[in-house]
Amino acid sequence: SAALVMGTPSPSSTQSVDELTTQVQVFRSRASEAASRLSMLQSQKDQIKSGQQLIDIQLTDTHVIAPRPGTVLTRYIEAGETIAPGQPIIELADLKTLIVRTYVPLSVLSTIKIAQSVSIRVEGLKVLFRGNVLTVASQAEFTPKIVYSKETKQSLVYAVRIRVKNPEGILK
């Protein structure tokens, strides 16, 4: 068997070192490529996550929530229609408390005071409704066409606004 002399590598060991060095360089190159790919994939993941968050916000913005409880009186838009910002969608009213406008002749005007407690009777209903006077007109007007009282049909009347409690929602 051949004797090894220190300091001079054999041709087969030089070849092995060269092969190993090449393999290390290949593995380092592959590791660098993998790190670059990982970085690129992480960037794509972040973009997708940002896109998903934007979609979630946009989806949340498609849900309409009433600003307060109430009853829908009129629906201006149907489901699936496109609307512009600020466009009304519904007419919403709190029917638990209503503002009623009525008209009184001059002969009754002096008995009505702001904040006065009053009872209101609605034709066709046996229930009395309680309320408080909000405003009393300072000028007379001709009886509006919507008033059908025989006593006030052709006379001057004063508008009175009354806040009426309607807890059962009988009045609409």
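Note that the structure is predicted; figures quoted are calculated from it, not measured.

Turning to the pattern of salt bridges, a few remarks are in order. Enumeration according to the criterion identifies one salt bridge in this entry. Residues E78 and R75 are paired through a salt bridge, measuring 3.6 Å at the closest nitrogen-oxygen approach. When its relative accessible area of 42% is taken as the criterion, E78 is described as partly exposed.

In terms of nonpolar packing, the biggest core is built from 15 residues, with V104, V133, V160, I162 and V164 touching the most fellow members. Broken down by secondary-structure element, the contributors of at least two residues to this core are β3 (97–105), β4 (117–121), β5 (128–136) and β7 (156–165). Looking at this core, the element that brings in the most residues is β7, giving four residues. Not counting chain neighbours up to four residues away, the residues in contact with V160 comprise V100, R101, T102, V104, I112, V133, T135 and V136.

Bridge analysis of β4 against β5 gives five bridges, and the strand direction is antiparallel. Within the sheet, the bridge partner assigned to V118 lies in β5 and is G131. Linking two consecutive strands that pair antiparallel, namely β4 and β5, is a turn of six residues; a positive phi of about 95° is found at G124 within it. One ladder, built from five bridges, connects β5 with β7; its direction is antiparallel. Note on β7: the bridge partner recorded for T135 is R161.

Moving on to the confidence of the model for the protein chain. Counting all residues, the mean pLDDT for the protein chain is 85, and 87% of those residues have values of 70 or more. No element of the protein chain has a lower mean pLDDT than strand β6 (residues 141–142), which averages 82, and none a higher one than β5, which averages 94.

Even without glycine at this site, A115 takes up a positive phi of about 75°. The exposed category is assigned to A115, whose relative accessible area is 54%.

Parameters and conventions
Residues numbered from 1 in each chain as written. Predicted model: local features only at pLDDT ≥ 70, side-chain atom pairs only at ≥ 80, totals over all residues. Heavy atoms only, no water. Salt bridge = Lys/Arg side-chain N within 4 Å of Asp/Glu carboxyl O. Buried < 20%, exposed > 50% of the residue type's maximum accessible area, 1.4 Å probe, protein only. Core = buried A, V, L, I, M, F, W, Y, C linked by side-chain atoms within 4.5 Å. Helix = DSSP H or I, 4+ residues; strand = E, 2+ residues; numbered from the N terminus. Contact = heavy atoms within 4.5 Å. Pairing = 2+ DSSP bridges. pLDDT = per-residue confidence, 0-100.

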